[in-house]
Amino acid sequence: DDDLVKQAVQELRRAERPVIICGRGTIVSGAWGEVTALAEHLDITVATTLGGKGSIDDRHPLALGVTGSYRRPSTDSVITQSDLVFYVGCHQGGATTNMRQMPKPGVRAIHVDINPAQPGANYPNVLPLVGDARTVLRQMLEVARSGKRGAHSVWVAKAQKALRDWRESEHE
């Protein structure tokens with residue numbers, strides 16, 4: 001739905017602390033290029049589930065690493081502080097949400113999934129985008145590129161600092 005795609009892009013632009021979480025559906029769809037392009041254009045950090053690892057290059061400045069049960073604590077901290085979570089091709093089950101501890105209750109979510117039963121299945125307050133991850137992300141990129149770039153540099157810097165601090169603590 002074109003209106004929902006436009007709404008999703010607007011919400012991602014307006015959010016103060018957005019984060020993208022990519023699951024296995026992103027990999028199956030082959031949408032890693034679209035994830036990276038959208039994250040760069042809208043200036044949004046990206047976490048992955050274990051099955052979504054590879055949705056963005058781990059060395060990319062916007063990459064946070066794996067979330068949930070197999071997580072980096074710094075990644076979960078960013079998600080906990082976010083005001084909008086954009087799920088792409090992933091379930092919002094216990095492993096992804098650290099047994100539903102994140103995001104906090106009431107946080108707005110956008111959820112892209114090919115299975116129409118997934119968006120909103122575990123969390124309310126969801127904007128559902130039903131379709132193949134790569135196709136929907138391409139539609140979102142088209143809308144995003146027709147407008148201004150994202151302006152989340154302060155939030156991104158905070159997320160990057162949390163990741164840097166965690167890495168340094170692991171090497172002490």
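Look up: the structure comes first, before these words.
The paragraphs below set out a description of the structure included in this document. As the structure is a computational prediction, the values presented were derived from the model and not from experiment.

Once that is clear, we can look at a negative patch on the surface. A contiguous patch of negative charge, built from Asp 1, Asp 2, Asp 3 and Glu 142, is present on the exposed surface. Tracing the sequence through the fold places Asp 2 in helix α1 (residues 2-14). According to the relative accessible area criterion, Asp 2 is exposed, its value standing at 55%.

A separate point is the pattern of salt bridges. Evaluated as defined, the whole model comprises seven salt bridges. A salt bridge links Arg 17 to Glu 16, with the nearest nitrogen and oxygen atoms 3.7 Å apart. One salt bridge connects Arg 138 with Glu 34, and the closest N-O pair in it is separated by 2.9 Å. Of this pair, Arg 138 sits in helix α6 (residues 133-145) while Glu 34 sits in helix α3 (residues 32-42); the two residues are 104 residues apart in sequence, bridging distant segments of the chain. We classify Arg 138 as partly exposed; its relative accessible area is 44%. Because the salt bridges share partners, they merge into one network encompassing Glu 34, Arg 134 and Arg 138.

The biggest cluster of nonpolar side chains holds 32 residues, and the ones touching the most others in it are Phe 86 and Met 140. Among the elements of the structure, α1, β1 (18-22), α3, β4 (84-88), β5 (108-113), β6 (126-130) and α6 are those that each provide at least two residues to this core. The leading source of residues in this core is α6, at six residues. Contacts of Met 140, omitting those with residues within four sequence positions, involve Val 5, Ala 8, Val 9, Leu 12, Leu 38, Phe 86 and Leu 129. With 14 residues, the next largest nonpolar core counts Leu 64, Cys 90, Ala 109 and Ala 159 among its residues.

This brings us to the sheet that holds β6. Spatially, β3-β2-β1-β4-β5-β6 is the arrangement adopted by the six strands of the open sheet, whose pairing is parallel. Unpaired on one side and paired on the other, β3 (63-66) and β6 mark the two borders of the sheet. For this sheet the average axis-to-axis angle between neighbouring strands, irrespective of direction, equals 15°. As paired elements, strand β2 (residues 45-48) and β3 share three bridges and run parallel to each other. Along β3, the bridge assignment pairs Thr 48 with Val 66. Helix α4 (residues 73-81) contacts β1, β2 and β3 of the sheet and is inclined by roughly 110° relative to β3.

Basis of the calculations
Residues numbered from 1 in each chain as written. Predicted model: local features only at pLDDT ≥ 70, side-chain atom pairs only at ≥ 80, totals over all residues. Heavy atoms only, no water. Patch = residues over 30% accessible without salt bridge, like charges linked within 9 Å, V, L, I, M, F, W, Y side chains within 5 Å. Areas by Shrake-Rupley, 256 points an atom, 1.4 Å probe, with all protein chains shown as cover. Salt bridge = Lys/Arg side-chain N within 4 Å of Asp/Glu carboxyl O. Lys, Arg positive; Asp, Glu negative; His and termini not counted. Charge placed at Lys NZ, Arg CZ, Asp CG, Glu CD. Helix = DSSP H or I, 4+ residues; strand = E, 2+ residues; numbered from the N terminus. Buried < 20%, exposed > 50% of the residue type's maximum accessible area, 1.4 Å probe, protein only. Core = buried A, V, L, I, M, F, W, Y, C linked by side-chain atoms within 4.5 Å. Contact = heavy atoms within 4.5 Å. Pairing = 2+ DSSP bridges. Axes fitted to C-alpha atoms, helices over the stretch in contact; angles between N-to-C directions.

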